[in-house]
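Secondary and tertiary structure notes
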Amino acid sequence: MTDLHPVADGGLPAVDPRGWSLPRAVGLDDLGPLAEPISEHNGQAVAVRPLTDHPGWLAKLYRPDQHPEDARRIDLLISAPDTLPEAERATLYAGTCWPAARIHGPGSPVVGCVIPMAPEHYRAELRRGKFSERRFLEIDWLAKSDESIRGVGLPRPGFEDRLAACRRLTELAAILERLGLVYSDWSYSNAFWSPDRRSVYLIDVDGCRPRRMPDIHQPNWADPLTPPGSDADRCTDRYRLGLLVAKCLTGQRDARAFYSVSLSPWPDQPALSEVLLDMLFATDRERRPTAAQLSQALNNGPYLRAVPRPTRGPLPPVPPLPTHLVPQPAADAVSADPVGVGSVSVGPVTTTAGAAESGTAKGAPGAAEQKKDPATSRNAQWAWVVVIAVILLIVISLASHH
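Conventions and cut-offs
Residues numbered from 1 in each chain as written. Predicted model: local features only at pLDDT ≥ 70, side-chain atom pairs only at ≥ 80, totals over all residues. Heavy atoms only, no water. Axes fitted to C-alpha atoms, helices over the stretch in contact; angles between N-to-C directions. Helix = DSSP H or I, 4+ residues; strand = E, 2+ residues; numbered from the N terminus. Parallel < 35°, antiparallel > 145°, perpendicular 65-115°, else oblique. Left-handed = near helix turned anticlockwise from the far one by under 90°. Contact = heavy atoms within 4.5 Å. Nonpolar A, V, L, I, M, F, W, Y, C, P; charged D, E, K, R; others polar. Disulfide = S-S within 2.5 Å. Buried < 20%, exposed > 50% of the residue type's maximum accessible area, 1.4 Å probe, protein only. pLDDT = per-residue confidence, 0-100. Salt bridge = Lys/Arg side-chain N within 4 Å of Asp/Glu carboxyl O. Expected span 1.5 Å × (residues − 1).

Moving on to the packing of helix α7 (residues 272–281) against helix α8 (residues 291–298). Where α7 meets α8, the axes come as close as 9 Å, and the angle between the chain directions of the two elements is 155 degrees. Classified by the angle their axes make, α7 and α8 are roughly antiparallel. Read as a crossing pair, α7 and α8 show a hand that is left-handed. Residue-level inspection shows Leu272, Val275, Leu276 and Met279 of α7 in contact with α8, the latter providing Gln293, Leu294, Ala297 and Leu298. Among the residues forming the contact of α7 with α8, the class breakdown is 7 nonpolar, 1 polar and no charged.

With the rule as written, the count across this model stands at 0 disulfides. Just so you know, cysteine 97 is unpaired, no disulfide at all, and the nearest cysteine sulfur is the one on cysteine 113, 8.0 Å from it. For cysteine 208, which is in no disulfide, the shortest distance to another cysteine sulfur is to cysteine 97 and amounts to 9.5 Å. A relative accessible area of 0% means that cysteine 208 is categorised as buried.

So, about the confidence of the model for the chain. Residue-level pLDDT values for the chain average 81, and 76% of them are 70 or greater. Here residues 331–380 scores under 50 on pLDDT; set against residues more than four positions off or in separate chains, the count is 70 contacts. Taken as a whole, residues 398–402 scores under 50 in pLDDT and shows 0 contacts with residues more than four places along the chain or in a different chain.

Before going further, it helps to spend a moment on the pattern of salt bridges. Scanning the model with the defined rule gives 27 salt bridges in all. Here arginine 102 makes a salt bridge to aspartate 75, at a shortest N to O gap of 2.9 Å. In this pair, arginine 102 is assigned in strand β5 (residues 101–105) and aspartate 75 in helix α1 (residues 69–79), connecting sequence segments 27 residues apart. Each of the salt bridges in this network shares a partner with another, and the network as a whole consists of Glu274, Asp278, Arg305, Arg309 and Arg312.

Compared with the 28 Å implied by 1.5 Å per residue over 20 residues, the 28 Å span of helix α4 (residues 159–178) between its first and last C-alpha is a close match. Counting buried positions along α4 gives 15 out of 20 residues, so the element sits mostly inside the fold. Note on α4: the residue one or two positions beyond its end, glycine 180, has a positive phi of about 75 degrees.

The next point concerns the packing of helix α2 (residues 86–95) against α4. Direction vectors running N to C along α2 and α4 enclose 120 degrees, while the axes themselves pass 10 Å from each other. Our pair here, α2 against α4, has a crossing hand that is left-handed. Across from Glu88, Thr91, Leu92 and Gly95 in α2, the residues of α4 making contact are Glu171, Leu172, Ile175, Leu176 and Arg178. By residue class, the composition of the contact of α2 with α4 is 4 nonpolar, 2 polar and 3 charged.

Attention now moves to unusual backbone geometry. The amide bond that connects valine 307 to the next residue, proline 308, takes the cis arrangement and shows omega of 0 degrees. Position of proline 308 among the secondary structure elements: in the loop between α8 and α9 (347–358). You will see that arginine 198, though not glycine, has its phi angle at about 55 degrees, which is positive. Position of arginine 198 relative to the elements: it lies in the loop between β10 (191–194) and β11 (199–202).

Laid out in structure tokens, this is it:
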């Protein structure tokens, strides 16, 4: 793990390949005019505003309650890439909006930071009925149904597209981990995805902190082994990274993703399922695999782990399927994709049902149970109750007449 530290006095910082050499601490007035905000009141930022005189660059302006210690933290982040090998530094700059300068203002050492805007190839034209909108494409789309993806005019991602995106995402996570940084905010909305280039761009990295930081809670992303109210650390990051990769690889947003992973459906990545399951279900959070181990597994490498193997908790129950997703017994309903990650409505659902029937998916309902309509079952039960009650009334009435 690399220790963060600013460049020593008299040393020269590494060349920033992003096209603008500026001091690592600048006054707000020195940046020139700011355009209208492209984002407001999002997380720790009150506004993100383009720099009019410097196309492609943004001023991310923080809330006024920033702690003075944040100035040193931002300085450490700005200098952190200098400690990396050249190839990793280039990867970090190309794949994240890494801060280039701390912005100070009157009476405050930190009012924000200068960050690059995400490259244009992370935007896509999304159809909305008769209208379309060009916007940044979040990695969330890798965990949506084929129906949703086709509905906005995007090409259906194949397994190789998913794999390439997850490889890049994990490569960035491994670099952050080697720098000793905690990100905490791994989720659908904090990474952009380029289908054409099969690449990923991580945002909000200026919030990273060394070793630990306040836990950033997102619905459905809570780490079960990080107690509420405690800080996020490298173990929290590993859980959330594994969760994001599992969902993006399988195209499934709920517990079905775990059962798809448990079937070890990736013969060219033989260690991948074991690494993901240990990241998600190891009962000892300190024994979760690192981002580097996940990256190695995604790139067809082995899983080198300590003995004995980590113990795992059980997989959660699979939620009932929506009616329109229940697999039909037609002969041609079997997906041509043996992995089943390309389609939520056919591939993953069929795979999960098979796991349940074979006993692999503990606690998962079988296909026959999934097809039952709960409302119909309840109505039938009430009908029997009424029939029995009527019979009892008739018997009582006859007995009273005698």
